[in-house]
Amino acid sequence: MTALRVERCLPDGFLAEALRADARAGLSAIPKVLPPKWFYDERGSELFEKITHLDEYYPTRAERSILRGAAGQIAGATRAQTLVELGAGAADKTRLLLDAMAAGGTLASFVPVDVSETALIEAARRIDGEYPGLAVTAVVSDFEEHLGLPSGGGSRLVVFLGGTIGNLLPGQRAAFLASLRSRLRPGDAFLLGTDLVKDPAVLVAAYDDAAGVTAAFNKNILSVLNAALGADFDPDAFEHVALWDARQEWIEMRLRSLQEQVVTVPAIDLVVPFAEGEEMRTEVSAKFTRERLERELRAAGLELEQWWTDPDGDFALLLARR
Ligand code: SAH
Ligand code: AVI
């Protein structure tokens, strides 16, 4: 085991101020909206991990099955020394890539990047313990602000798994891809996991599971605001909503107020009225087609090189380069 390094890319207090700014803008907007990156405090990250084991939530299983088949090919095609993982979370599927890169004899360092410090450090520690000789640097960052790519470390494979790119709105997605493109060097590669458009009933079930885990995950954003901003949201006064927007081709999660109520948010001096039945958007989860991905990658100056899906065609993994 080597010593685990932890790097913080953002200035002190940046994330706390970003949460205040997002809450101020989003709770005053019509309709109200909160960005999904704030789901992931310790409990939110645990709830997301539970979601990944639900029968209804196929993306994690599908992506793992693609990685099982393709990891060797990816390691061979990229021959990268450094694996950078954006939005790494528990970095569980990542082991398939680490193993293939180690078997190919190129792997030297692993750089997981995540905004959720607790989950990130726990995942980085575990991998640090499991891969002797691997240099692990955990980077606490918001990948929309600072990608956290290491400057050294030879050629890099930057991976963004799980379909998290779908949680960015189209404009944010374009900015993210352009920023990534500008930081990729010749010889680097980008591996992207994306969920695909499919039967809306399957999609809605994946975001509204029978056991209510996704509902608890969705409501957890209210507990995050309570803890960080001294707000007095009552999660039981809201219900979970998941719907398919066919025009945008995204799943939208919302919280619907069960009654007329007023919430106070002392840290930003805000009083927020909710009407009975009023809905606040907490997440979009865009679903893609190959054509749309190719178009968006090309617009950012990236070229699709290889494409894999699971046997049911539910989820895709693609390799792209500048
Ligand atoms: N990659 C994992 C985890 C997906 S959950 C998987 O495939 O299962 C999404 C992860 O992205 C969470 O850990 C969350 O904290 C992180 N995340 C979301 N928005 C982020 C942002 N703007 N910057 C950095 N990490 C972010
Ligand atoms: C992390 N992200 C890709 C998940 C998704 O499917 O959009 C978050 C999630 N939201 C509800 N369930 C899972």
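Scroll up to find the structure.
All figures in this text were calculated on a predicted structure; none of them were measured in a lab. Every chain is numbered independently, its residues counted from 1 as its sequence is written. Key to labels: chains lettered from A, ligands numbered from 1, both in the order written. Local features are withheld for residues below a pLDDT of 70 in this predicted model, meaning they are given only at 70 or higher, and side-chain atom pairs are given and counted only at 80 or more; totals for whole chains, interfaces and linings count all residues. Where side-chain values are given, they derive from all heavy atoms of the structure, hydrogens and water being excluded.

(A) Focus on the packing of helix α3 (residues 58–78) against helix α4 (residues 94–103). In this analysis an axis means a line fitted to C-alpha atoms, helices contributing only their contacting stretch, and an angle means the value between N-to-C directions, from 0 to 180 degrees. Each helix is a run of H or I in the DSSP string that is no shorter than four residues. Each strand is a run of E no shorter than two, and both are numbered from the N terminus. Contact pair α3 / α4: the axes reach a minimum separation of 8 Å and the direction vectors enclose 25°. On the basis of their axis angle, the class for α3 and α4 is roughly parallel. Once α3 is placed against α4, the crossing between them reads as right-handed. Counted together, R64, L67, R68, A71, G72, I74 and A75 of α3 and L96, L97, A100 and M101 of α4 form the full contact between these two elements. Under the convention adopted here, Pro, Cys and the residues Ala, Val, Leu, Ile, Met, Phe, Trp and Tyr are nonpolar, Asp, Glu, Lys and Arg are charged, and Gly plus all remaining residues are polar. Looking at the contact of α3 with α4, its residues break down into 8 nonpolar, 1 polar and 2 charged. The scheme is simple: roughly parallel for angles under 35 degrees, roughly antiparallel for over 145, roughly perpendicular for 65 to 115, oblique for anything else. Left-handed is the label given to a crossing in which the near helix is rotated counterclockwise from the far helix by less than a right angle, and right-handed is the label when the rotation is clockwise. What makes two residues a contact is simply this: any of their non-hydrogen atoms within 4.5 Å.

(B) Representation of the site of ligand 2. Nearness is defined per residue: one heavy atom within 4 Å of the molecule or strand is enough. Around ligand 2 there are 14 residues in total, and Y57, N167, Y207, E283 and S285 lie nearest to it. Polar contacts, as used here, are pairs of N or O atoms within 3.5 Å; protein pairs need one atom able to donate a hydrogen and one able to accept it. Residues neighboring in sequence count only if both atoms are side-chain atoms. The side chain of N167 places a nitrogen or oxygen atom 2.9 Å from a nitrogen atom of ligand 2. Note that an oxygen atom of ligand 2 is positioned 2.6 Å from one of the side-chain N or O atoms of S285. Secondary-structure elements contributing two or more residues to the shell around ligand 2 are α2 (42–51), α8 (213–229) and β11 (279–286). Taken together, the residues of the shell around ligand 2 sort by class into 7 nonpolar, 6 polar and 1 charged.

(C) Fine view of α8. Between the first and last residue of a helix there are one fewer steps than residues, each counted as 1.5 Å, and that sum is the expected span. Its 17 residues place the ends of α8 24 Å apart at the C-alpha level, agreeing with the 24 Å of an ideal helix rising 1.5 Å per residue. Of all the bends in α8, the greatest measures close to 25° and is centred on K219. Following α8 by one or two positions, G230 adopts a phi angle in the positive range, close to 65°. To get the bend at a residue, fit one axis to the 7 residues ending there and another to the 7 starting there, then take the angle between the axes.

(D) How the structure looks around the pattern of salt bridges. The rule for a salt bridge is simple: a side-chain nitrogen of Lys or Arg has to be within 4 Å of a carboxyl oxygen of Asp or Glu. Per the stated rule, a full pass over the model turns up 23 salt bridges. Of the charged contacts in the structure, one is a salt bridge between E122 and R126, with a shortest N-O distance of 2.9 Å. Of this pair, E122 and R126 both sit in helix α5 (residues 117–130), 4 residues apart, roughly one helical turn. By relative accessible area, E122 is classed as partly exposed at 44%. Under the scheme applied here, a residue whose accessible area is under 20% of the maximum for its type counts as buried, over 50% as exposed, and between as partly exposed, the area being computed with a 1.4 Å probe on protein chains only. On the accessibility criterion, R126 (37% relative accessible area) is partly exposed. With a closest N to O distance of 3.0 Å, E252 and R254 form a salt bridge. When its relative accessible area of 7% is taken as the criterion, E252 is described as buried. Judged by relative accessible area, which is 22%, R254 ranks as partly exposed. Each member of the salt-bridge network shares a partner with another, and the members are E239, E252, R254, R256 and E279.

(E) Spotlight on the site of ligand 1. Neighbouring residues of ligand 1: 17 residues in total, closest G87, K93, D114, D142 and F143. At 2.8 Å from a nitrogen atom of ligand 1 is found a main-chain nitrogen or oxygen belonging to G87. Note that an oxygen atom of ligand 1 is positioned 2.6 Å from one of the side-chain N or O atoms of K93. A class-by-class count of the residues in the shell around ligand 1 yields 6 nonpolar, 6 polar and 5 charged.

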